[in-house]
Amino acid sequence: MKVGGQAVIDGVLMMGKKVVVAVRKQDGSIQVVELGTPDRTKKWMKVPFLRGLFSLFYSLYFGIKAINLSAEISADEKMKKSESFFSILLSIVLAIGLFVIFPAYLTKWMGFKNNEFLFSLVDGFIRLGVFLAYVYIISLFNDVKNVFRYHGAEHKAVHTYEHGEELTVENARKYSTIHPRCGTNFVMIFLVIAIIVHSLFGIFGPLSMLSRILVRILVLPIVAGLSYELLRFFDKYPRFLFLASPGLLLQKLTTAQPDDSQLEVAIISLRNALELVETSDVDKLDDEKHAKNENIDYDTEFLG
């Protein structure tokens, strides 16, 4: 079984037979919460490109739930629903402004406005530069560094499972913090594919700035679907993985070596996601507490 996961605040989300998040509490104990149960019987989950969209959607869906929940558990303080809503809204607005509108207008200011291919090329490289600068800046904050350590722990735990070893801290230590299915790799592939897709609209002639911005937003599903299929391809055929080397190198920044306590959280999360432990101590939250214990259709191959 392919497994996936994401690093959250003081914890790790894992997706296997179940969707589970494990978080280190202030008293040093680990709380495990079950968020859902996947349903892999749906045929449409095997449809190329379409499966990538739903995989990305559910990764974001569970990721947001897990982050909010982990923030509550680690801080031992309840988060208001309004706080969560406005945080998500602000993130979406900032993402569109920083990675869509800003690169487009900067490219126009530089004079690349009459050739759609050149515009898309310059716009894409600016977007890539903004993304790299963004990752570097946030990596300087201690709280983010801690998340990156849990990111490394997540990858080590998955490597241990995929190599058929018992899921223990001792076995996980030796593995790399780099993984080809990582979300960082996906983003780098996404940024490159976006340049190609955006440039294709040049066949209609130069576009207005409003059209360019709308195109970049509307084709997000197409770019995401193509990027996901490439991510799967590189994972299935490692001999071509060198083509994704920029994303692998970037993981040197978005992951860090975890300590044993962080590895323990990742291992416990994965063991619970794979139902390798007794479930009596696993919390199942209702919707009012951020989660539904229900059957969910999604592909678990995506790593955060």
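How each quantity is defined
- Residues numbered from 1 in each chain as written.
- Predicted model: local features only at pLDDT ≥ 70, side-chain atom pairs only at ≥ 80, totals over all residues.
- Heavy atoms only, no water.
- Salt bridge = Lys/Arg side-chain N within 4 Å of Asp/Glu carboxyl O.
- Helix = DSSP H or I, 4+ residues; strand = E, 2+ residues; numbered from the N terminus.
- Buried < 20%, exposed > 50% of the residue type's maximum accessible area, 1.4 Å probe, protein only.
- Core = buried A, V, L, I, M, F, W, Y, C linked by side-chain atoms within 4.5 Å.
- Patch = residues over 30% accessible without salt bridge, like charges linked within 9 Å, V, L, I, M, F, W, Y side chains within 5 Å.
- Areas by Shrake-Rupley, 256 points an atom, 1.4 Å probe, with all protein chains shown as cover.
- Contact = heavy atoms within 4.5 Å.

Visitor: For this particular structure, what's the right way to read the pattern of salt bridges?
Guide: Opposite charge on two side chains allows them to pair when their charged atoms are near. Overall, the coordinates contain 13 salt bridges when judged by the stated rule. Note that lysine 2 and aspartate 235 form a salt bridge whose closest N and O atoms lie 3.0 Å from each other. With lysine 2 in the segment before β1 (4-8) and aspartate 235 in helix α8 (residues 220-236), this pair connects stretches of sequence that are 233 residues apart. For lysine 2, a relative accessible area of 35% puts it in the partly exposed group. The buried category is assigned to aspartate 235, whose relative accessible area is 16%. For lysine 18, the salt bridge goes to glutamate 275, with nearest N and O atoms at 3.4 Å. One end of the pair, lysine 18, is in the loop between β2 (11-15) and β3 (19-24); the other, glutamate 275, is in the loop between α10 (260-273) and β5 (283-284), with 257 residues separating them in the sequence. Lysine 18 gets classed as buried once you look at its relative accessible area, which sits at 11%.

Visitor: Looking at this structure, how should I read the nonpolar core?
Guide: Side chains of nonpolar character tend, in soluble globular proteins, to be buried together. Ranked by size, the top nonpolar core spans 28 residues in total, and within it Phe131, Phe186, Phe190 and Val223 carry the most contacts. For this core, the elements supplying multiple residues, two or more each, are α3 (116-138), α6 (183-200), α8 and α9 (245-254).

Visitor: Got a minute to help me understand unusual backbone geometry in this structure?
Guide: It is generally the case that most residues other than glycine have a negative phi and that most peptide bonds are trans. If you check the backbone angles, aspartate 76 has positive phi at about 55° while not being a glycine. Turning to its location among the elements, aspartate 76 is positioned in the loop between α1 (50-75) and α2 (81-109). Aspartate 76 gets classed as exposed once you look at its relative accessible area, which sits at 64%. You will see that glutamate 275, though not glycine, has its phi angle at about 60°, which is positive.

Visitor: Even after reading the chapter, I still don't get a nonpolar patch on the surface, so can you show me in this structure?
Guide: A surface patch of nonpolar side chains, amounting to about 700 Å² of accessible area, comprises Leu60, Ile64, Ile88, Ile92, Ile96, Ile101, Tyr105, Ile217 and Leu220. Secondary structure elements with two or more residues in the nonpolar patch: α1 and α2. No other element matches α2, which puts 5 residues into the nonpolar patch. The topology assignment puts isoleucine 88 in helix α2.

Visitor: Could you clarify how one ought to interpret the environment of alanine 104 in this entry?
Guide: By secondary structure assignment, the location of alanine 104 is in helix α2. In this structure the C-alpha to C-alpha distance between alanine 104 and serine 120, which are 16 residues apart in sequence, comes to 8.5 Å. What alanine 104 contacts, discounting residues up to four positions off in sequence, is Phe119, Asp123, Met209 and Ile213.

Visitor: What is the right way to look at the side chain of threonine 160 in this model?
Guide: Turning to its location among the elements, threonine 160 is positioned in helix α4 (residues 142-162). If we skip the residues at most four places from it in the chain, threonine 160 touches Glu165, Glu166, Leu167, Asn171, Ala172 and Tyr175.

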